[in-house]
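Residues per chain are reported as follows:
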Amino acid sequence: MKFMKLGSRPDTFHTTEGVRSVSSEIVTDLIVQVEGSRYLLHKFPLLSKCLRLQQQCYESPESSSQQLVLLPEFPGGVEAFELCAKFCYGMTITISAYNIVSARCAAEYLQMTEDVEKGNLIYKLEAFFNSCVLHGWKDSIVTLQSTKTFHAWAEDLGITSRCIEAIVSKVICNPSKVNLARSFSRRGKDDTLSCNGSESRSKNISKDWWAEDVAELGIEIYWRTMMAIKSSGRIPANIVGDALRIYASRWLPKISRAYYNNEKQVGSPHELDSVAEVASMPRLFLKSIINLLPADRSAVSCSFLLKLLKAANILGVSSSSKMELAKRIGIQLEEATVGDLLIPNMSITSKEQYDVDIVIAILEQYMLQGQSPPTSPPRSKENSHRRSRSAENISELHESRRSSSASHSSRLRVARIMDGYLQVVARDANLALQKFIAIAEAIPEFARLNHDDLYRAIDIYLKGHPELNKSERKCLCRVLDCKKLSTEACTHAAQNEMLPLRVVIQVLFFEQARASVATGQVTNLPSNIKALLAAHDNPMRALESSLSRKTLQTDDQWSASGLKTPNSNISTLRMRLAEDDDLDETYVNGFGKSSQDKANRSHQNRPRRMFSKLWSISRQGSEKR
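As named in an unreviewed UniProt entry, the chain is BTB/POZ domain-containing protein, taken from Heracleum sosnowskyi. Per its UniProt entry, the chain bears the Pathway (unreviewed entry) comment "Protein modification; protein ubiquitination."

Written out as structure tokens, the structure is:
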């Protein structure tokens, strides 16, 4: 780091009984008071360079041999004043990036300009600032950091803006042309400073070499610096996003810890103001980070956005800022993991362990997305006349297929993520049934090639919520497609006493039908059931066939499709299902439940009766064959 030395005389300032004075044979005739500290000095060296002291001594008459001058609200305090006083006496002082801001503000306060004396302190400080400080990378960063203490003075003197301009100019130019281009916080052994302030250069410099150093700045100055970097248009969006990630990881844990500790330490009403002051910093921090996020989707990862959302939830950031993050996350939801989506619920009114509402909002934003834009570059007009009309149509068809394929694969990934998320949040005893169903139903039918994960989530929810009545359990299971369950899942579902009876019937029927197809005994199966089972082997073909023909008719969402063939014993099965509907109505209307124990016993015995019915149907079919 570069520095400047002024003056040649030795420092003779000393303290006697709390008063600072200069060792001299000449009697002191001036008393200067700064922040409660007194200085016994001489008028001649100070008044010859400080216009403000001249005016105050002229305006206040001398009441004694020592004239008193008060300097209230002195920028930089006693250290900055003493530095200016030593300059007036010709004593040696050292100026560097660490104290140049305070020295410049103090010199401005004392009006140490060229009009008072040539080669005054302001002139020398400006020369050093422009020729040395702004040319060095670390010097510019340190100087900009120190402007926080003297915010108003630094703004008026243009120190802050000039430092930001110097930093931005170094960021956007070739790193090899920057003094100390490599991050000074990660400097290697060869990246050292010579005694005269010259700086060695690093050969291998990454594109984000500046990110860790800029991350040392306060949020307000950082925001201004990053806005200037973004406005230049010279830095790629992914580099800006990486810099934001570094900055957030640098400060967010400290801000969260400070906020939490201050909140816990509040013990009286008069401390609420300090808590509000601490609470305002996270809001400013996160809002600034959100505003700085590049519009490019690939600029920041979905994991980073979800970490910001978690912090926003914990620190009580406004709902508008959280919704803005939710929109950004929804654009790239397929990149998330289940752990990323487990956002703690900080609401006072809700007892849920995780904030499911914000995840629902993210999922809604994702589903609102249109198809991906064409991946091929636009054709130039000069070459368009060479292409035939059929060639253009083929090209557009290929682009549409690529876009549709990307969208379809994205939906598949999101479906797996959300089913895994449901398996975790389903363990929460306070999770509302409507929220579980809202997430499960938001996934398109074609996106779930297999319903095993969804069945596991439903099973976990049923076990964690034994208080659900039959109607609620049936409503929960409506999202489940038994045709898409594996053999293992069907085996488990057939013995699951928590499932509604109709689901167990449907599972057993499709499992028996699949077994018949596997053994080649398909003569007694209806043609539409055969087609349904064949389509199940190819989910994409099932989707296309369901869109092209509507031959499968259902009585409701729970009855097995197309079970009206007279040559089968399905009529008996449909009769049993109708009886179950009567039981459901009786349960909902409040009849036939003399006690809770009786309901539990009937619920436990129902699967056994169901198995006997299915076996009788199976034996009758075999006798006919």
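A. A look at the overall build of the chain. Secondary structure summary: the chain contains 27 helices and 7 strands in total. In the chain, which comprises 625 residues, the proportion classed as buried is 45%. Put simply, 71% of the contacts in the chain that link residues at least 6 apart link residues at least 24 apart. Summing over all exposed atoms, the chain offers an accessible surface of approximately 32,700 Å²; the carbon and sulfur share of this is 52%.

B. Highlighting the nonpolar core. In this structure, L71, F81, L110, M112, W210, M418 and Y421 are the most contacted members of the largest nonpolar core, which totals 153 residues. When residues of this core are assigned to their parent elements, the largest contribution, 9 residues, is made by helix α11 (residues 237–264). When residues no more than four places from it in sequence are discounted, the contact partners of F81 are V32, V34, Y39, L41, L46, L71, F74 and L110.

C. Quick peek at the confidence of the model for the chain. The predicted model of the chain has a mean per-residue pLDDT of 78, with 68% of residues at 70 or higher. Per-element confidence in the chain ranges from a low mean pLDDT of 38 for helix α25 (residues 539–548) to a high of 98 for helix α4 (residues 100–110). Note that pLDDT drops below 50 for residues 264–275; the model gives that stretch 5 contacts with residues more than four away or on any other chain. Taken together, the stretch residues 535–573 has pLDDT below 50 and engages in 49 contacts with residues farther than four places along the chain or on a different chain.

D. Spatial organisation of the sheet that holds strand β4 (residues 30–34). In space, the 5 strands of this open sheet follow the order β2-β3-β5-β4-β6, with mixed pairing throughout. Single-partner strands in this sheet number two, and they are β2 (13–16) and β6 (67–70). Each neighbouring strand pair of the sheet contributes to a mean axis angle of 25 degrees, computed without reference to strand direction. In this structure, β4 lies alongside strand β5 (residues 37–41), joined through 5 bridges in antiparallel fashion. Across the sheet, V34 pairs through a bridge with S37, a residue of β5. Those strands touched by helix α2 (residues 51–59) are β4 and β6, and its axis lies near 125 degrees from that of β6. Relative to β5, helix α3 (residues 77–89) is tilted by about 5 degrees, and along the sheet it contacts β2, β3 (19–22), β4 and β5.

E. Here's a closer look at helix α16 (residues 356–367). The end-to-end C-alpha distance of α16 is 16 Å, a good match for the 16 Å that 12 residues give at a rise of 1.5 Å each. Those residues of α16 that sit buried are V356, I358, V359, I360, A361, I362, L363 and Y366. N-cap assignment for α16: the residue whose side-chain oxygen lies 3.3 Å from the backbone N of D357 is D355.

F. Main features of the environment of V19. With respect to the secondary-structure elements, V19 resides in strand β3. The spatial distance from the C-alpha of V19 to the C-alpha of R38 is 5.4 Å, given a sequence separation of 19 residues.

Cut-offs used in this document
- Residues numbered from 1 in each chain as written.
- Predicted model: local features only at pLDDT ≥ 70, side-chain atom pairs only at ≥ 80, totals over all residues.
- Heavy atoms only, no water.
- UniProt positions renumbered as here; feature names shortened; annotations may be inferred.
- Helix = DSSP H or I, 4+ residues; strand = E, 2+ residues; numbered from the N terminus.
- Buried < 20%, exposed > 50% of the residue type's maximum accessible area, 1.4 Å probe, protein only.
- Contact = heavy atoms within 4.5 Å.
- Areas by Shrake-Rupley, 256 points an atom, 1.4 Å probe, with all protein chains shown as cover.
- Core = buried A, V, L, I, M, F, W, Y, C linked by side-chain atoms within 4.5 Å.
- pLDDT = per-residue confidence, 0-100.
- Pairing = 2+ DSSP bridges.
- Axes fitted to C-alpha atoms, helices over the stretch in contact; angles between N-to-C directions.
- Expected span 1.5 Å × (residues − 1).
- Polar contact = N/O pair within 3.5 Å; in protein donor to acceptor, adjacent residues only side chain to side chain.

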